[in-house]
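Here is what each chain is made of, one letter per residue.
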Amino acid sequence: MSVLHPDVLTHDTEGALPVRLVGRGQALSGREATWAATHEFTGKAGQLLMLPGADGVLAGALFGTGDRFDPASIRGLAVRLPAGLWRLEGVADDQAARAAQSFALGGYRFDRYKARPASGARLSVSASVDVEALSRIASACALAREMIDTPAADMGPLQIETVAREIAEAHGAAITVTTGQALLEENYPAVHAVGRAATVQRAPRVIEIVWNLDRTDLPMVALVGKGVVFDTGGLDIKSAAGMRNMKKDMGGAAHALALGRLVMQAGLAVRLFVLVAAVENAVSADAFRPGDILNSRKGLTIEIGNTDAEGRLILADVLTRASEHSPDLTLDFATLTGAARIALGPDLPPLYTDDEALAADLLAAASAVGDPMWRMPLWPGYVAALDTEIADVKNDSSAWAQAGSVTAALFLQKFAPTTGAWAHMDIFAWNPRARPGWPEGGEAQAMRACFEMLSRRYVP
């Protein structure tokens, strides 16, 4: 597991202190009742009370669950409990894995740039909980979060390529990288246009990982990610406030790579194709301009109305590339629009698909693992907002349509594979407020739900 996310789950029990789950108003007895009353512990959701032993040494803790236990609440315990080994008491068997997964997710700390990295608590779980599987998922989420949290100076296109190469090498997958001017030779004109203003050291690139390709008896799954390592907005430059967190604009690429690693680790019965476009949307004399007409890999011309709508441009080329493999299923991840946040806020990413079976499977998986999404419509009435007089399509929809996340998804649909089902996740990939277990910064969204869906569909 990542050095920034140490293993926190174990089957070891020796020395584990108990954390007893207590509902609101649940009766306690003896010394615990007296201690709880003294400290006004009532079982309110999120309350934590340390319990001293007879000799004054820490003996355990009480944790309030409120009126109904939510396994996600355990996420906060990972950072609120003192360092050491702990075990949960009072968790139903059918919720034990969810609680353990939450604890593992809550153990993430981004302290790469701190002089004194913190040590954390660990959780002892029952033998029925698959520690290895849960740790792989937590590690994948940590990988995505670390990549998002890392400043753009240290997470450029080359660093994304390095992560991709490490993942491919670890799983015997083939990897191909097309960089700089070669993007024009290999017909990725939109990716090149968006990234050409960056320095040579941060040249744009398309990264392809292929796994199990010779298994023609297996279905093909394509994972596509937007990797804008920093988004100034281009010549339509963002405000200082709008630019502050734009190191996270490569969150889609981080999700696609981390999910791809999970698929390969689990040995799912698929042929896998991971596609990432990694660029910096910089400002220079060579930056693409409002009013420019770009070519795309698909052959459609794109009029540029706003250079800050660049993510959909690079996705257009890599979605077209994915379609050339005739995938049975395509999932793309992108920190694409601010409109998605206006519609649903930071915690609930929109899901777009016109495949009813895929939508049902994804939403069921999201509910099962506590990784929420909300289905939004690919509303055909707004397609006309992408029309333009002088090109095949424009990258900024007409103001009358208003629904910016919907029209962005409709733009992508023009380039998405048609041989199988396609889903687009307009993720935020960020926690805007700090809470125990949810530090401010990078967040993995929709990835666990997608992996659960894939695991159910493509059993090894």
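Keep in mind it's a predicted model, so treat the numbers as computed, not measured.

Enquirer: How should I be thinking about the overall build of the protein chain in this particular structure?
Expert: Per the secondary structure count, the protein chain includes 14 helices and 19 strands. For a compact globule of 460 residues, the expected C-alpha radius of gyration is about 23 Å, and the protein chain comes in at 23 Å, within 12% of that figure. Expressed as lengths along the three principal axes of its C-alpha atoms, the size of the protein chain is roughly 80 × 50 × 45 Å. The proportion of buried residues among the 460 residues of the protein chain is 56%. A separation threshold of at least 6 residues defines the contact pool for the protein chain, and within that pool the share at least 24 residues apart is 75%. Summed over all atoms, the accessible surface of the protein chain reaches about 18,600 Å², with 51% contributed by carbon and sulfur.

Enquirer: Looking at this structure, how should I read the pairing of strand 17 (residues 421–426)?
Expert: A regular strand places its side chains on the two faces of the sheet in alternate fashion. When you tally the buried positions in strand 17, you get six out of six residues, the bulk of the element. Residues of strand 17 alternate between two faces, with Ala-421, Ala-423 and Met-425 on one and Trp-422, His-424 and Asp-426 on the opposite face, all of them buried. In this sheet, strand 17 lies alongside strand 13 (residues 329–334) in parallel orientation, the contact comprising six bridges. Its bridge partner being in strand 17, Leu-331 is matched across the sheet by Ala-423. Here two bridges tie strand 14 (residues 350–352) to strand 17, and the two strands are oriented antiparallel to one another. What sits directly across from Leu-351, in strand 17, is Met-425.

Enquirer: I would appreciate a short explanation of the packing of helix 10 (residues 311–323) against helix 13 (residues 404–413) in the present structure.
Expert: For any two helices packed against each other, the geometry comes down to the angle between their axes and how far apart the axes lie. At a minimum axis separation of 9 Å, helix 10 and helix 13 run at an interaxial angle of 30°. The angle between the axes of helix 10 and helix 13 places the two elements in the roughly parallel class. The handedness of the crossing between helix 10 and helix 13 is right-handed. For the pair helix 10 and helix 13, contact is made by Arg-312, Leu-313, Leu-315, Ala-316 and Leu-319 and by Ala-408, Phe-411 and Leu-412, respectively. Looking at side-chain class alone, the contact of helix 10 with helix 13 contains seven nonpolar, no polar and one charged residues.

Enquirer: Before we go on, may I ask you to explain the sheet that holds strand 10 (residues 271–281) in this structure?
Expert: Pairing between the strands of a sheet is mediated by backbone hydrogen bonds and can be parallel or antiparallel. The eight strands are arranged 7-8-10-9-13-17-14-15 in an open sheet whose pairing can be described as mixed. If you trace the sheet from one side to the other, it starts and ends with strand 7 (174–179) and strand 15 (374–375), each paired once. Note that strand 14 and strand 15 share two bridges and pair parallel. By the bridge assignment for strand 15, Pro-350 is matched with Trp-374. Those strands touched by helix 12 (residues 356–369) are strand 13, strand 14, strand 15 and strand 17, and its axis lies near 45° from that of strand 17.

Conventions and cut-offs
Residues numbered from 1 in each chain as written. Predicted model: local features only at pLDDT ≥ 70, side-chain atom pairs only at ≥ 80, totals over all residues. Heavy atoms only, no water. Helix = DSSP H or I, 4+ residues; strand = E, 2+ residues; numbered from the N terminus. Rg over C-alpha atoms; globule rule 2.2 N^0.38 Å. Buried < 20%, exposed > 50% of the residue type's maximum accessible area, 1.4 Å probe, protein only. Contact = heavy atoms within 4.5 Å. Areas by Shrake-Rupley, 256 points an atom, 1.4 Å probe, with all protein chains shown as cover. Pairing = 2+ DSSP bridges. Axes fitted to C-alpha atoms, helices over the stretch in contact; angles between N-to-C directions. Parallel < 35°, antiparallel > 145°, perpendicular 65-115°, else oblique. Left-handed = near helix turned anticlockwise from the far one by under 90°. Nonpolar A, V, L, I, M, F, W, Y, C, P; charged D, E, K, R; others polar.

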